[in-house]
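Structural overview
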Amino acid sequence: CGYVLEACKLRCGVVLQRDELKVHEKEKCPQRIMKCKHCSREFKSCELATHLDKCPKMEVLCELKCGKRLCRENIAQHVEQECGLVVETCRLRCGVKMTRNELKIHVTETCVQRLIPCKHCKKDF
C-alpha cells in the first residue's frame, strides 16, 4: 500500500508514506549521493555545497578582478605569472610600482631609466 509509513532507506531520519518516500530518496534526501558537475566526484547532497566552495575544477573569476575565468586550481598560477592587475616594481629600477598592464607601457614610454635611441647614431642611451 502506498500510504504505509516507512523510514528513509538512506538513514536521514525522515518517515514518509511509501509513495512520497521514493521521490524523497531520489530528489530531496540530504543523504542522497550527487556528483559534482565540475570534478565528477560523488558527495552526499548535504555536503555538496561545502565541496563547491573549494572544488579545484570549478570555474571562478580571478581574485584580482581582471575578468578572467579559470579553474580554481589555476588561480594561483594566473596571479603569479599572468594577471595584468598584479602590482610590481619597475624592472628598470626606477622604483615605481604599478600593475603589470601599466608597467608594459611605463618601461617602453615613460620610465626615466629606459634606454632612448639617439636620433643621429641610433645607439641606445
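Scope of this entry: the structure provided in the associated data block.

Conventions used here
Residues numbered from 1 in each chain as written. Predicted model: local features only at pLDDT ≥ 70, side-chain atom pairs only at ≥ 80, totals over all residues. Heavy atoms only, no water. Helix = DSSP H or I, 4+ residues; strand = E, 2+ residues; numbered from the N terminus. Contact = heavy atoms within 4.5 Å. Lys, Arg positive; Asp, Glu negative; His and termini not counted. Charge placed at Lys NZ, Arg CZ, Asp CG, Glu CD. Salt bridge = Lys/Arg side-chain N within 4 Å of Asp/Glu carboxyl O. Buried < 20%, exposed > 50% of the residue type's maximum accessible area, 1.4 Å probe, protein only. Arc of directions from axis to C-beta.

**Focus: the overall build of the protein chain**
Across its full length, the protein chain carries 4 helices and 8 strands. The order of helices and strands in the protein chain, counted from the N terminus, is β-β-α-β-β-α-β-β-α-β-β-α. In terms of its C-alpha atoms, the protein chain occupies a principal-axis envelope of roughly 100 × 20 × 15 Å. The contacts of the protein chain with a sequence gap of at least 6 include a subset with a gap of at least 24, amounting to 0%. In the protein chain, 26 side chains carry a positive charge and 17 a negative one; their mean positions are 5 Å apart.

**Brief notes about the pattern of salt bridges**
Per the stated rule, a full pass over the model turns up 4 salt bridges. Between glutamate 6 and arginine 18 there is a salt bridge, and its shortest N-O distance comes to 2.6 Å. Here the residue glutamate 6 occupies a position in strand β1 (residues 5–7), and arginine 18 occupies one in helix α1 (residues 18–28), the gap between them amounting to 12 residues. By relative accessible area, which is 21% here, glutamate 6 ends up partly exposed. Take arginine 18: its relative accessible area is 30%, and that puts it in the partly exposed class. Residue arginine 100 pairs with glutamate 88 through a salt bridge whose shortest N-O separation is 2.9 Å. Linking arginine 100 in helix α4 (residues 100–110) with glutamate 88 in strand β7 (residues 87–89), this pair joins segments that are 12 residues apart in sequence.

**Section: the environment of cysteine 39**
With respect to the secondary-structure elements, cysteine 39 resides in the loop between β3 (33–35) and β4 (42–44). Taking the C-alpha atoms as reference, cysteine 39 lies 9.7 Å from leucine 52; in sequence the two are 13 residues apart. Residues in contact with cysteine 39, not counting those within four places in the same chain, are His51, Cys55 and Lys57.

**Side note on the environment of histidine 78**
Positionally, histidine 78 belongs in helix α3 (residues 75–81). Excluding anything up to four places from it in sequence, histidine 78 contacts Cys62, Cys66, Lys68, Leu70, Cys83 and Arg100.

**Details of unusual backbone geometry**
In this structure, serine 40 is a non-glycine residue whose phi angle is positive, near 70°. As for its position among the elements, serine 40 is in the loop between β3 and β4. Here serine 40 falls in the partly exposed class, since its relative accessible area comes to 46%. We note that lysine 65 has phi near 65°; this positive angle belongs to a residue other than glycine. By the secondary structure assignment, lysine 65 is in the loop between β5 (59–61) and β6 (69–71).

**A closer look at α4**
Within the sequence span of α4, burial applies to Arg100, Leu103, His106 and Val107. All buried residues of α4 fall inside an arc of 100° around its axis, so they share one side. Turned more than 90 degrees from where α4 packs its buried face, Lys104, Thr108 and Glu109 sit exposed. Those residues of α4 that are buried lie in contact with α3, β7 and β8 (97–99).

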